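Secondary and tertiary structure notes
The primary structure of each chain is shown beneath.
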Amino acid sequence: MMKKKVTAATVATCVVLGLIGAAAIACIILSMVTGKVTPYLAMGLGLGAIGNTIGCVYNWKKRGNNNGSGKDGSIS
């Protein structure tokens, strides 16, 4: 099995996404515990959406924009 190089950008992105995800879950749980839905639930859902968007853009840039699933662009 071949090991992949882990860059500092990959580690930083994973840490940032983890922090955003933890904050989103904390806000959603806080809204359930306190019963105040208006500020906390919206913040939690917004943080979740931001984290997912950052993750999708990062993965899209990392993979590139090649058509097909194979290295030569063929569709299996």
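Before going into details, it helps to say that this report is about the structure given with it. Since this is a predicted model, take the numbers as computed values, not measurements.

Below, the discussion takes up the overall build of the chain. In terms of helices and strands, the chain carries 2 helices and 0 strands. The 76 residues of the chain split such that 11% are buried. Excluding contacts between residues fewer than 6 apart, the proportion of contacts in the chain whose partners are at least 24 apart in sequence is 34%. Carbon and sulfur atoms make up 68% of the accessible area of the chain, which totals about 6300 Å².

Before going further, it helps to spend a moment on helix 1 (residues 8-34). Taking 1.5 Å per residue as the helical rise, helix 1 with its 27 residues ought to reach 39 Å, and the 38 Å between its terminal C-alpha atoms agrees with that figure. Within the span of helix 1, buried status applies to Thr13, Ile20, Ala24, Cys27 and Ser31. Within two residues after helix 1, glycine 35 carries a phi angle of roughly 85 degrees, on the positive side.

For helix 2 (residues 37-63), spanning 27 residues, the distance from its first C-alpha to its last is 38 Å, which sits close to the expected 39 Å at 1.5 Å a residue. Taken as a whole, helix 2 has its buried residues at Gly44, Gly51 and Gly55. On the buried face of helix 2, the contacting elements are helix 1.

Turning next to the environment of valine 16. As for its position among the elements, valine 16 is in helix 1. Residue class for valine 16 comes out partly exposed when judged on its relative accessible area of 40%. Sequence separation of valine 16 and glycine 55 is 39 residues, and the distance between their C-alpha atoms is 9.8 Å.

On the surface, a nonpolar cluster with roughly 380 Å² of combined accessible area is contributed by Val6, Val11, Val15 and Leu19. Under the relative-accessibility criterion, valine 11 is labelled partly exposed at 44%.

Counting through the fold element by element, serine 31 comes out in helix 1. Given the relative accessible area of 6%, serine 31 is considered buried. Not counting chain neighbours up to four residues away, the residues in contact with serine 31 comprise Lys36, Val37, Tyr40 and Leu41.

Time to look at the packing of helix 1 against helix 2. Viewed as axis vectors pointing N to C, helix 1 and helix 2 meet at an angle of 160 degrees, and their least axial separation amounts to 8 Å. Between helix 1 and helix 2, the angle falls in the class roughly antiparallel. Viewed along their axes, helix 1 and helix 2 form a crossing whose handedness is left-handed. Contacts between helix 1 and helix 2 pair Ala9, Thr10, Thr13, Leu17, Ile20, Ala23, Ala24, Cys27, Ile28, Leu30, Ser31 and Thr34 from the former with Val37, Tyr40, Leu41, Met43, Gly44, Leu45, Leu47, Gly48, Gly51, Ile54, Gly55 and Tyr58 from the latter. Looking at the contact of helix 1 with helix 2, its residues break down into 16 nonpolar, 8 polar and no charged.

Rules used throughout
Residues numbered from 1 in each chain as written. Predicted model: local features only at pLDDT ≥ 70, side-chain atom pairs only at ≥ 80, totals over all residues. Heavy atoms only, no water. Helix = DSSP H or I, 4+ residues; strand = E, 2+ residues; numbered from the N terminus. Buried < 20%, exposed > 50% of the residue type's maximum accessible area, 1.4 Å probe, protein only. Contact = heavy atoms within 4.5 Å. Areas by Shrake-Rupley, 256 points an atom, 1.4 Å probe, with all protein chains shown as cover. Expected span 1.5 Å × (residues − 1). Patch = residues over 30% accessible without salt bridge, like charges linked within 9 Å, V, L, I, M, F, W, Y side chains within 5 Å. Salt bridge = Lys/Arg side-chain N within 4 Å of Asp/Glu carboxyl O. Axes fitted to C-alpha atoms, helices over the stretch in contact; angles between N-to-C directions. Parallel < 35°, antiparallel > 145°, perpendicular 65-115°, else oblique. Left-handed = near helix turned anticlockwise from the far one by under 90°. Nonpolar A, V, L, I, M, F, W, Y, C, P; charged D, E, K, R; others polar.

Read these as spatial facts, not as claims about activity.
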